Amino acid sequence: MPLNAILVGAIVMAASVIALFFLRYWRQTRDRFFLYFALAFMLEAVQRLPGAMQPPGAPDAPLYYLIRLAAYGLILLAIIGKNRRPPPGG
């Protein structure tokens, strides 16, 4: 088994576990911040699978980077949204 496949599997597993943690926190607090982070890490996990099966330099490789860009955009949106909201109770 190639080392690349093992490493990609570990990254997918780690991103999925992190997404489940953020989903649990979102269910407890109903804060969109945690939901956006959960979606971003789930996108990151899903994005890695097809990219690992493609040879380097495949013609559709930029598509995988657009999915990763969407995940990072969700993280950025969560941080900006969290910092723009007024604090609770004041």
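Quick note: structure is the one above.
Structural notes, computed from the coordinates. Note that the coordinates shown come from a computational prediction; the quantities given were computed from them, not determined experimentally.

With respect to a nonpolar patch on the surface
Point 1. A cluster of nonpolar side chains, namely Met13, Val17, Phe21 and Tyr25, defines an oily patch on the protein surface of about 360 Å² accessible area.
Point 2. For Phe21, the position within the fold is in helix α1 (residues 3–29).

So, the packing of aromatic side chains
Ring pairs (aromatic) are described by centroid distance and by the angle formed between their planes.
Point 1. Applying the stated criterion across every chain, the model contains 6 aromatic pairs.
Point 2. Taking the centre distance of 6.3 Å and the plane angle of 25° together, the rings of Phe22 and Phe34 count as stacked. Linking Phe22 in helix α1 with Phe34 in helix α2 (residues 32–53), this pair joins segments that are 12 residues apart in sequence. Like Phe34, Phe22 is buried.
Point 3. Ring centres of Phe22 and Phe37 lie 5.1 Å apart, and the angle between their planes is 45°; this geometry places the pair in the tilted category. You can see Phe22 sitting in helix α1 and its partner Phe37 sitting in helix α2, a full 15 residues away along the chain. Neither residue differs from the other here; Phe22 and Phe37 are each classed as buried.
Point 4. An aromatic cluster is defined as three or more aromatic residues linked by ring pairs; in this entry it consists of Phe22, Tyr25, Phe33, Phe34, Phe37 and Phe41.
Point 5. Over the aromatic face of Trp26 sits the side chain of Arg30, whose NZ or CZ is 4.5 Å from the ring centroid.

Re the pattern of salt bridges
Point 1. Under the criterion given, the structure shown has 3 salt bridges.
Point 2. Its salt-bridge partner being Asp31, residue Lys82 comes within 2.4 Å of it at the nearest N-O pair. Here Lys82 is found in helix α3 (residues 61–84), whereas its partner Asp31 is found in the loop between α1 and α2, with 51 residues between them in sequence.
Point 3. Taking the relative accessible area as the measure of exposure, Lys82 reaches 36% and is therefore partly exposed.
Point 4. Overall, the relative accessible area of 11% leaves Asp31 in the buried class.
Point 5. For the salt bridge of Arg48 with Glu44, the shortest nitrogen-to-oxygen distance reads 3.0 Å. In this pair, Arg48 and Glu44 both sit in helix α2, 4 residues apart, roughly one turn of the helix.
Point 6. Several salt bridges converge on common partners, so that one network encompasses Glu44, Arg48 and Arg68.

Calculation rules
What you see as residue numbers is a count from 1 along each chain, following the sequence as written. Confidence filtering applies because this is a predicted model: local features only for residues at pLDDT of at least 70, side-chain atom pairs given and counted only at 80 or more, and all residues used for totals across whole chains, interfaces and linings. Side-chain measures here rest on the full set of heavy atoms in the structure, leaving out hydrogens and waters. Grouping into patches uses exposed residues only, defined as over 30% relative accessible area, and leaves out salt-bridged ones; the cut-off is 9 Å for like charges and 5 Å for nonpolar side chains (Val, Leu, Ile, Met, Phe, Trp, Tyr). Accessible surface area values rest on a Shrake-Rupley calculation with a 1.4 Å probe, where residue burial reflects the displayed protein chains alone. When a carboxyl oxygen of Asp or Glu is within 4 Å of a side-chain nitrogen of Lys or Arg, the pair counts as a salt bridge. Strands here mean DSSP runs of E at least two residues long; helices mean DSSP runs of H or I at least four residues long; both are numbered from the N terminus. Aromatic pairing here means that ring centres of Phe, Tyr or Trp (its six-membered ring) are within 6.5 Å. Orientation follows from the plane angle: under 30 degrees is stacked, over 60 is edge-to-face, and everything else is tilted. Using a 1.4 Å probe on the protein chains alone, a residue whose accessible area is under 20% of its type maximum counts as buried, one over 50% counts as exposed, and one in between counts as partly exposed. Definition used: whenever NZ (Lys) or CZ (Arg) falls within 6 Å of the ring centre and also within 35 degrees of the ring normal, the charge is taken to sit over that ring.

So, to be careful, I would describe these as geometric facts and stop short of saying anything about function.
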